[in-house]
There are 4 protein chains.
Amino acid sequence: MRAMARKPLTKPRKHASQDRSRATVDALIEATARILVREGFDKASTNRIAEAAGVSVGSLYQYFPSKESLVVAVIARHQEELMQIARDALAEVASLPIPKAVRRLVAVAIEAHRVDPKLHRVLAEQLPRTGRLENIDVFNREFYTLFKRYLDAHRDELRNLDLDMAAYVCVTSIEALTHNAVLHRSEMLSEEVAGRLVDEATHLIVKYLQ
Amino acid sequence: MRAMARKPLTKPRKHASQDRSRATVDALIEATARILVREGFDKASTNRIAEAAGVSVGSLYQYFPSKESLVVAVIARHQEELMQIARDALAEVASLPIPKAVRRLVAVAIEAHRVDPKLHRVLAEQLPRTGRLENIDVFNREFYTLFKRYLDAHRDELRNLDLDMAAYVCVTSIEALTHNAVLHRSEMLSEEVAGRLVDEATHLIVKYLQ
Amino acid sequence: MRAMARKPLTKPRKHASQDRSRATVDALIEATARILVREGFDKASTNRIAEAAGVSVGSLYQYFPSKESLVVAVIARHQEELMQIARDALAEVASLPIPKAVRRLVAVAIEAHRVDPKLHRVLAEQLPRTGRLENIDVFNREFYTLFKRYLDAHRDELRNLDLDMAAYVCVTSIEALTHNAVLHRSEMLSEEVAGRLVDEATHLIVKYLQ
Amino acid sequence: MRAMARKPLTKPRKHASQDRSRATVDALIEATARILVREGFDKASTNRIAEAAGVSVGSLYQYFPSKESLVVAVIARHQEELMQIARDALAEVASLPIPKAVRRLVAVAIEAHRVDPKLHRVLAEQLPRTGRLENIDVFNREFYTLFKRYLDAHRDELRNLDLDMAAYVCVTSIEALTHNAVLHRSEMLSEEVAGRLVDEATHLIVKYLQ
DNA sequence: GATGAATGAGGATTCATTCAT
DNA sequence: TATGAATGAATCCTCATTCAT
């Protein structure tokens, strides 16, 4: 009982401290993302990031052992957002037939790229430098796994094919078509062209699978 | 006659000088590529590059106004190689029917990525940082234009579609499938899997176009 | 009371930090002046200055954004010293009649040039290069303004003349005569010759004004 | 006879060669002056100067052993021009009474500063850096000697004074008043103000001497 | 824990000068 | 003698990281 009585006393404190830590960490990740987007990788010095986050460089190094680890955290946060979208989308289309499902997935992929396209671009560009290429793969591979699961569940709608290969082809193509459209072909983002892009990408994948 | 006899006397000199310049420039580009591949962008300091090229930093700056310009030269050289492969391939398949042509193009794309995959990878990663994203587009767009021309010439084999969009979809997909396979999925490069990748990619594109 | 008792706890820290900063800044300015004097402008590299100041280059750039700004700080410090002498002198002679006042000002001008003649010389030589020519003018112009004010107050002792022009003529002449004597004619600094120089300069100015 | 017969044959050649040398030297000095004026000391690299002179760096070093020697040559040429003006002026006023003579000398000093004020300014600023401060003194001292000679010749018009000291006072003051007016007080160069400056400077010197 | 002053290796670039052709 | 490619020491400055307070 005593112990339990104490908890309310200490927990808040720890919470406060934990919350503060959490807040600092968040502020740092947020500041990093902001600077990366607004000023580019080369301007993103640790001192600048700390300043933008409203903490000292010392504190930055309290929470992140290196600059790289900070960038990795930004990447992780961004990818987690994307993965959540992907998971939701896959869950949503789980029982839809392939044409409908693919169309929805393509649309979602474009939407996802639009969440924070500038950050996405910077990360796509700077990510290699962190030696975390694998990271991006972690992302791709999870999506790829989920998509393969979907295909497996809809095997009867498919022609006879190797699911691994098929998932690779589909995921890679969809990613490339939407990524390039958003990042390098902004003209493709007009309502109308984007619609046609969805049509065509869907067509590409559906014809391929069936 | 005399005057002509003299020429050999002077010409070699100029040649010698020009050759020396040319050799220095080549050595620098070559050294840059080598270091980029072997040690990564961050280790590629101008002094290191000059040393690796067997010339002085001063000479480096005689021929290249900045470090970036050197990297750009490496990119340009690499892309010119790729473009040559692409041009040749398109010329070669010009009169082939779509299935054969696409299969050949996919195979060539893989080959092209294999010319110097490590360099390709580093450049793909660093290119954004040089502010020469347009460059890669220059490349992609030339290929895209050539491919559209091919499609136009084979319009009767196609379903009714917008050539611009079709070229975008095909070029982007082929590039992504081969690029990722070569750079991120080395397991796909076994003779057998590579063959299946060609099959699948070809299937993807052909079904899409027809 | 408690809160007040705490202050001593925090204040020293801040003070310590502020003092350290201040000490670093002073050491840098001092080191710059010293090197400028002993080794000349061209030897005054930022690394050398930092070393001489007993701090790292990094610290130098923490407090001065560029080499030039350091030199400017040295100039400013020196000029402030001179201006203080000038202000004091003018205040001191404010109520003296022109002959006594001018004699005193000339003597003070020589004294001022003797405060740190080597530094004065290097700065006079290098100042133009810093793009701070205006600075020296700021100095001259403040003195010129103060002197004009003196003349104005003693208008009744003067012949009829344009105060602006008169101040220009007097200030420029006194400055040149003392500056050149101290910097280029060290032989003029023997007790006796210096005395005659004061006589003559005073004569020049007094006859001119009356 | 033979030998003499040959001379006409060789001499022209030598002449040609000497003329060419002379022309190259002149072109280099001229180019240096031009770059110094237009782009400043820091932009005046030897390569740049050689290029501007239309010769190779190698040739530059054929005629000038160092960059400094080139700058010194520019200074020498400029000072010789000024000295010529000074000599002419002194000769011209030799028999004039002091007031007329001084007035003329002041006017000539202003004119002299206007010959190439920008060059004069750059040289005045950069000269110290060449370690040729003595040079400027060579100039001043020649003028000072000539002026002293004038004073000596007009001793009967003077009050009793030390000619060395008097020459120092006069030459220094005139130089400073005209130099500053031309270089730092361009507003003083309006026809009218310049006239008053001449009046005042003359007044200053004449009252001092008599 | 937080702070921010201090560190110093390292990097891009310049330029006076040399020397092979 | 002219050329201009080559040299490389030297310079200014940045930034990830540490540590005394």
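Definitions and limits used
Residues numbered from 1 in each chain as written. Chains lettered and ligands numbered in written order. Predicted model: local features only at pLDDT ≥ 70, side-chain atom pairs only at ≥ 80, totals over all residues. Heavy atoms only, no water. Near = heavy atom within 4 Å. Polar contact = N/O pair within 3.5 Å; in protein donor to acceptor, adjacent residues only side chain to side chain. Helix = DSSP H or I, 4+ residues; strand = E, 2+ residues; numbered from the N terminus. Nonpolar A, V, L, I, M, F, W, Y, C, P; charged D, E, K, R; others polar. Least-squares fit on C-alpha atoms with pLDDT ≥ 70 in both. Contact = heavy atoms within 4.5 Å.

Per an unreviewed UniProt entry, chain A goes by TetR family transcriptional regulator and derives from Steroidobacter agaridevorans.

**Re the protein's contact with DNA strand F**
Around DNA strand F sit 34 residues, and of these A:Thr46, B:Thr24, B:Gly58, B:Tyr63 and C:Tyr61 come closest. Among all atoms of DNA strand F positioned within 4 Å of the protein, those belonging to sugar or phosphate total 55%. Take B:Thr24: an N or O atom from its side chain is 2.8 Å from a phosphate oxygen of DNA strand F. With respect to DNA strand F, the backbone of C:Thr46 contributes an N or O atom lying 3.0 Å from a phosphate oxygen. At the level of secondary structure, the elements contributing two or more residues to the surface near DNA strand F comprise helix H2 (46-53) and helix H3 (57-63) of chain A, helix H1 (2-39) and helix H3 (57-63) of chain B, helix H2 (46-53) and helix H3 (57-63) of chain C together with helix H3 (57-63) of chain D. Among the residues forming the surface near DNA strand F, the class breakdown is 10 nonpolar, 20 polar and 4 charged.

**Examining the protein's contact with DNA strand E**
Taken together, the neighbourhood of DNA strand E is formed by 34 residues, with B:Tyr61, C:Thr24, C:Gly58, C:Tyr63 and D:Thr46 sitting nearest. Backbone atoms, meaning sugar and phosphate, make up 58% of the atoms of DNA strand E lying within 4 Å of the protein. Between a phosphate oxygen of DNA strand E and a side-chain N or O atom of C:Ser59, the distance comes to 3.2 Å. Within the side chain of C:Gln62, an N or O atom sits 2.9 Å from a base nitrogen of DNA strand E. Listed by contribution, the elements that provide at least two residues to the surface near DNA strand E are H3 of chain A, helix H2 (46-53) and H3 of chain B, helix H1 (2-39) and H3 of chain C together with helix H2 (46-53) and H3 of chain D. Class assignment of the residues belonging to the surface near DNA strand E gives a composition of 10 nonpolar, 20 polar and 4 charged.

**Points about the relation of the copies chain A and chain B**
Superposing chain A onto chain B requires a rotation of 179° together with a translation of 0.0 Å along the rotation axis, leaving an RMSD of 0.3 Å. Accordingly, the operation relating the two chain copies is best matched by a two-fold axis. Of every C-alpha in chain A, the one belonging to A:Ser173 sits nearest the axis of rotation, 2.5 Å from it. A shared interface surface links the copies, since 100% of the contact residues of chain A are contact residues in chain B too.

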